[in-house]
Amino acid sequence: MRNIWTIASREYKHYFISPIAYVVAFLFLATVGIIFALTILNANDSALYYPSAPDASSVTGPMAFLLLLTSPALTMRLLADEQRMGTMELLLTAPLRDWELVLGKWLGAFLFIATLAGVSLIFPLILDILIDPGIDKGVLFVGYLGVLLVAAAMLGLGVGISAMFSNQVAAFFVSLVIFVIMWWLIGVPASLLPNGGEVFRYLDMASHFYESMIIGVINLADIVYYLSLTALGLFTGTIAVEIRRWR
Amino acid sequence: MIRVEGLTKDYGSRRAINALTFEAQQGEVLGFLGPNGAGKTTTMRILTGYMPASSGRATVAGYDVMEESLEVRRRVGYLPETVPLYTDMTVFDYLKFMANLRHLPDAEARIDETLELVGMADRAGGYIGKLSKGMRQRVGLAQALLHRPEVLILDEPTIGLDPGQVVEVRNLIRDVGRERTVLLSTHILSEAQQICDRVLIINKGEIVAEDTPSNLQMGLEGATRLLVRINGDTAALLEKLGELEGVQTAKPGAEKGEIELNLATREEIRPEIARAVVSGGFDLLELRPIGMSLEDIFLQLTRDNSAGGKSKE
Ligand SMILES: Nc1ncnc2c1ncn2[C@@H]1O[C@H](COP(=O)(O)OP(=O)(O)OP(=O)(O)O)[C@@H](O)[C@H]1O
Ligand SMILES: [Mg+2]
């Protein structure tokens, strides 16, 4: 546990001196803010007291999507750069298990995203003040839980991919391509195939969020789905580090 | 402390080390000498738990490097060939990170102490990226010494240091080596001579010689050489000495009045030589055995081995 924390806190601190992390933070918060502002303005035009007044989904919706673009930028260097700089030799000869290293890296990135998500809470809070009698706290809570689950899964896969490369740009693009496939394309066969399409629907990364959690619905299946992806990514990363040793 | 038996490592089809067997005791500094590509780094990487061997066994501080890798890693300090540093961290933060990974109590006191030891105390707050190569080397060394390991494995520790630092680091290694076990690799023969209790010469993945530096120097093949110095011209004496029984060759030495004799025997024939000089009417000023330099031995061993080995290229 202590080792995981040592690795994670170094990574977390590193984000605050990294230009890429600032770009990510800016993109993330600015985009969410702009979309949020537009939503409010539109709502003002029509009717604030209309039954479908804006809720937290106007924040969590764009956020989940933005993770697709930003998480590869946060994970790309995590293990790839250790390999490039030669510090992998330091970590792999320190009294630290391979999975602790991988999990620590993931935790550092996850805490950074969690921090951004925490900052973004300011938007739902504003909404809560603007709307009478306030926003639906259930939707808010489940929506943010969903965002964190999507982040966990993407960062997990990203760390796993980063472990396979010593070039962070390669790690970035491979992660991005895989996320694009899992977000948009993997669900397509579900509607084309006459039967057996269920598997593809289940694998679709977006639907587990946009069909349930964003509107405040908790399904165990969705939670299991994102946690499995996280575990898969971390497992892949650990195996990749172990394979490194054999080469 | 370090025990290696039949250690072999293949990279794909290329054999990097072949059935290495050696030991290093507590309180011993063992030098690993060999030309580029001999397999020094490979051996050290196996001993530090970085990579597994293809076959063979190795124990470090009593633990098997493959079965009990974590126990080994806790007890070993390792300075890799390419010093692994985070250039965006300060010296202190970097060592703090390593101290945390090693669960060191009183980490800050340890760090100060260790920085003092490697002469970097005044740069603790500086960014590693802004340090010179030699300073980085010393930070790497500090990282290896931080937890006062039982076994210290150093891959070319003095490379990139200025002469003053080289002396200091060598003294440091010798001090550390009094109670602990040190395995260090080097290309610098005089360095091995100065700080190692024992030297392993390794070439193409095999050990070609193993001894104390002085024994190695005193003539590996048993054939000894003598230096004869007389007062006057040596030309007339050369032929006479060359014909003596037990003398293989006689040639002029480096300086005026010197003759170098290569002996074909290990028996004591200095009295005969002295008599021959004196009876020839020369004044004998000096007659002493000269060892081969470690350089000569190294070159000879690594050359012989490649000539004697399987045909290559
Ligand atoms: N990662 C690797 N993959 C494939 N071959 C390797 C690898 N590392 C080393 N080798 C090969 O193994 C052999 C031994 O290399 P090693 O680095 O152990 O030599 P060395 O004695 O440390 O040399 P140097 O004095 O140059 O540091 C060389 O032939 C080298 O090409
Ligand atoms: Mg080497």
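Residues numbered from 1 in each chain as written. Chains lettered and ligands numbered in written order. Predicted model: local features only at pLDDT ≥ 70, side-chain atom pairs only at ≥ 80, totals over all residues. Heavy atoms only, no water.

### So, the site of ligand 1
Residue and element names in this part refer to chain B. To keep it simple, the criterion reads: Throughout, near means a residue has at least one heavy atom within 4 Å of the molecule or strand. N or O atoms within 3.5 Å of each other form a polar contact, as long as, within protein, one can give a hydrogen and the other can take it, and as long as residues adjacent in sequence are counted only when both atoms are side-chain atoms. Computed with the Shrake-Rupley method and a 1.4 Å probe, the accessible areas treat only the protein chains shown as cover for residues. Put simply, DSSP H or I for four residues or longer makes a helix, DSSP E for two residues or longer makes a strand, and each gets a number counted from the N terminus.
Around ligand 1 there are 14 residues in total, and Lys-40, Thr-41, Thr-42, Glu-81 and His-187 lie nearest to it. The contact in question runs from an oxygen atom of ligand 1 to an N or O atom on the backbone of Gly-39, over 2.9 Å. Within the side chain of Lys-40, an N or O atom sits 2.7 Å from an oxygen atom of ligand 1. Its free accessible area being 630 Å², ligand 1 has 68% of it covered by the protein chains. If you list the elements that add at least two residues to the shell around ligand 1, you get strand 2 (14–24) and helix 1 (40–47). Counting residues per element, the shell around ligand 1 draws most heavily on helix 1, at 3 residues.

### A few points about the layout of surface pockets
Quick reminder of the rule: Using a grid of 1 Å spacing that covers the protein atoms alone, one calls a set of points a cavity when a 1.4 Å probe fits there but cannot get out, and a pocket when the set is open and has protein on both sides within 12 Å along at least five of seven lines; lining residues are those with an atom within 4 Å of a point. Grid points are joined across faces, edges and corners, and a volume is the space filled by probe spheres set on the points. Following the grouping adopted for this structure description, the nonpolar residues are Ala, Val, Leu, Ile, Met, Phe, Trp, Tyr, Cys and Pro, the charged ones are Asp, Glu, Lys and Arg, and the polar ones are all others, Gly among them.
The computed volume of the second largest pocket comes to approximately 350 Å³. Residue assignment for the lining of the second largest pocket shows that the elements contributing at least two residues are helix 1 (2–15) of chain A together with helix 3 (91–101) of chain B. Broken down by element, the residue count for the lining of the second largest pocket peaks at 6 residues, all from helix 1 of chain A. A breakdown of the residues in the lining of the second largest pocket according to their chemical character gives 6 nonpolar, 5 polar and 5 charged.

### As for the domain arrangement of chain B
Basically, it comes down to this: All domain edges in this entry derive from an automatic or database-based domain assignment.
Here chain B is described as being made up of domain 1 (2–218) and domain 2 (222–289). Using C-alpha coordinates to define each centre, domain 1 of chain B is positioned 45 Å away from domain 2 of chain B.

### Focus on the sheet that holds strand 10 (residues 206–211) of chain B
Residues and elements named next belong to chain B. Basically, it comes down to this: Note on pairing: two strands pair once DSSP finds at least 2 bridges between them. Between N-to-C directions, angles span 0 to 180 degrees; the directions come from axes that are lines fitted to C-alpha atoms, helices contributing only their stretch in contact. Residue contacts are defined here by distance: any two heavy atoms, one from each residue, within 4.5 Å place the two residues in contact.
Taken together, 6 strands build an open sheet; the order of strands is 6-7-8-3-9-10 and the sheet is mixed. The two strands at the open ends of the sheet, each matched to only one other strand, are strand 6 (76–79) and strand 10. Sheet twist, expressed as the mean angle between neighbouring strand axes with direction ignored, is 15 degrees. On top of the sheet, helix 6 (residues 163–179) reaches strand 3 (29–33), strand 7 (151–155) and strand 8 (181–186); it is set at about 145 degrees to strand 8, its chief contact.

### What to know about the coordination of the magnesium ion (ligand 2)
Residues and elements named next belong to chain B. The test is simple: Donor atoms are limited to N, O and S found within 2.8 Å of the metal ion, a distance that becomes 3.2 Å for Na, K and Ca. With water left out, some sites might look partial. Exposure is judged per residue with a 1.4 Å probe applied to protein chains only, and the accessible area is read against the type maximum: over 50% gives exposed, under 20% gives buried, and values in between give partly exposed.
Around the magnesium ion (ligand 2), the protein contributes the donor atoms Thr-41 (OG1) and Glu-81 (OE), at 1.9 to 2.4 Å from the metal centre. In this pair, Thr-41 sits in helix 1 while Glu-81 sits in the loop between strand 6 and helix 3, placing the two residues 40 residues apart along the sequence. On the accessibility criterion, Glu-81 (40% relative accessible area) is partly exposed.

### Remarks on the interface of chain A and chain B
Rules: Accessible area that two parts lose when put together, evaluated with a 1.4 Å probe and summed over both, is termed the buried area. The salt bridge definition used is simple: a Lys or Arg side-chain nitrogen within 4 Å of an Asp or Glu carboxyl oxygen.
Every contact between the two is made by 24 residues of chain A and, on the other side, 27 residues of chain B. Three residues stand out in chain A for area buried against chain B, namely Glu-89, Leu-90 and Pro-95 of chain A, and they jointly supply 27% of the buried area on that side. Summed over the shared surface of chain A and chain B, the result is 1 salt bridge. In this structure, Arg-45 of chain B and Glu-89 of chain A form a salt bridge, with 2.9 Å as the shortest nitrogen-oxygen distance. Between the two partners, chain A and chain B, sit 10 residue pairs in polar contact (both at pLDDT 80 or more). Examining the composition of the side of chain A that touches chain B, we find that 6 residues originate from one element, helix 1 of chain A, more than from any other. Considered class by class, the residues forming the side of chain A that touches chain B number 11 nonpolar, 6 polar and 7 charged.

### Considerations on the side chain of Arg-244 of chain A
Residue and element names in this part refer to chain A. Where we set the bar: Note that His is not counted, nor are the chain ends; the positive residues are Lys and Arg, and the negative ones are Asp and Glu.
The topology assignment puts Arg-244 in helix 12 (residues 220–246). Although buried, Arg-244 forms no salt bridge, and the nearest oppositely charged side chain, Glu-82, lies 10 Å from it. Here Ala-163 takes part through its backbone oxygen, which lies 3.0 Å from a polar atom of the side chain of Arg-244. Ignoring sequence-local partners within four residues, the contact set of Arg-244 consists of Gln-83, Ala-163, Met-164, Phe-165 and Ser-166.

### Some words on the environment of Pro-35 of chain B
Locating Pro-35 of chain B in the fold gives a position in the loop between strand 3 and helix 1. By relative accessible area, which is 23% here, Pro-35 of chain B ends up partly exposed.

### Re empty space enclosed by the protein
Rolled over the atoms, a probe with the dimensions of a water molecule shows which regions are left empty. Scanning the entire structure with this criterion turns up 2 cavities of 30 Å³ or more. In this structure, the second largest cavity occupies an estimated 30 Å³ of space. Surrounding the second largest cavity, Leu-90 and Thr-93 of chain A together with Tyr-78, Pro-80, Met-98, Arg-102 and Gln-143 of chain B form its lining. Looking at the lining of the second largest cavity residue by residue, the classes come out as 4 nonpolar, 2 polar and 1 charged.

### Regarding the packing of aromatic side chains
The relation between two aromatic rings is expressed through the spacing of the ring centres and the mutual angle of the planes. Where we set the bar: Stacked, tilted and edge-to-face are the three classes applied to pairs of Phe, Tyr and Trp rings, where Trp contributes its six-membered ring and a pair requires centres within 6.5 Å; stacked means planes under 30 degrees apart, edge-to-face means over 60, and tilted covers the rest. Over a ring means this: the NZ of a Lys or the CZ of an Arg is within 6 Å of the ring centre and within 35 degrees of the ring normal.
The tally for this structure, following the rule as stated, stands at 14 aromatic pairs over all chains. Seen in terms of ring centroids, Tyr-225 of chain A and Tyr-226 of chain A are 5.1 Å apart; in terms of plane orientation they differ by 70 degrees. Their pairing is edge-to-face. Grouping residues by exposure puts Tyr-225 of chain A and Tyr-226 of chain A together as buried. The cationic tip of Arg-10 of chain A hangs over the ring face of Tyr-86 of chain B; the distance from NZ or CZ to the ring centre is 3.7 Å. Positioned above the aromatic ring of Phe-97 of chain B, the side-chain terminus of Arg-10 of chain A is 5.4 Å from the ring centre.

### A word on the nonpolar core
Worth spelling out the cut-off: We define a nonpolar core as any set of buried Ala, Val, Leu, Ile, Met, Phe, Trp, Tyr and Cys residues linked to one another through side-chain atoms lying within 4.5 Å.
Counting residues in each nonpolar core, the largest one holds 154 residues, and the members touching the most others are Met-205 of chain A together with Phe-22, Leu-47, Tyr-94 and Leu-154 of chain B. With 14 residues, the top contributor of residues to this core is helix 7 (residues 137–162) of chain A. Among the nonpolar cores identified, the runner-up in size contains 15 residues, and Val-247, Ile-259, Ala-276 and Phe-282 of chain B belong to it.

### Considerations on the pattern of salt bridges
Taken as a whole and assessed by the stated rule, the structure comprises 26 salt bridges over all chains. A salt bridge links Arg-170 of chain B to Glu-191 of chain B, with the nearest nitrogen and oxygen atoms 3.0 Å apart. On the criterion of sequence distance, the pair formed by Arg-170 of chain B in helix 6 and Glu-191 of chain B in helix 7 (residues 189–195) is long-range, its members being 21 residues apart. With respect to burial, Arg-170 of chain B and Glu-191 of chain B carry one shared label: buried. Linking Lys-251 of chain B and Glu-260 of chain B is a salt bridge whose minimum nitrogen-to-oxygen distance equals 3.9 Å. Accessibility expressed as a relative area gives 18% for Glu-260 of chain B, which makes it buried. Through salt bridges with shared partners, a single network forms among Arg-10, Glu-11, Arg-77, Glu-82 and Lys-105 of chain A.

### Focus: a nonpolar patch on the surface
Residue and element names in this part refer to chain A. Selection rule: A patch consists of residues whose relative accessible area exceeds 30% and which take part in no salt bridge; residues with like charges are grouped when within 9 Å of each other, and nonpolar side chains (Val, Leu, Ile, Met, Phe, Trp, Tyr) when within 5 Å.
Together, Phe-65, Leu-69, Val-177, Ile-181, Trp-184, Leu-185, Val-188, Leu-192 and Tyr-210 line one region of the surface with nonpolar side chains, adding up to about 820 Å² of accessible area. Contributing elements (two or more residues each) for the nonpolar patch: helix 3 (57–85), helix 8 (168–185) and helix 9 (188–192). Of the residues forming the nonpolar patch, the biggest block, 4 residues, is contributed by helix 8. Within the secondary structure layout, Tyr-210 lies in helix 11 (residues 207–210).

### A word on the environment of Tyr-11 of chain B
Structurally, Tyr-11 of chain B is set in strand 1 (residues 2–11). We classify Tyr-11 of chain B as partly exposed; its relative accessible area is 29%. Each C-alpha atom of the pair Tyr-11 of chain B and Ser-54 of chain B lies 8.9 Å from the other, and the pair is 43 residues apart in sequence. Setting aside residues no more than four positions away along its own chain, Tyr-11 of chain B makes contact with Arg-247 of chain A together with Ala-16, Thr-42 and Met-51 of chain B. Within the local environment of Tyr-11 of chain B, its side chain forms a polar contact with the side chain of Thr-42 of chain B, the two groups lying 3.2 Å apart.

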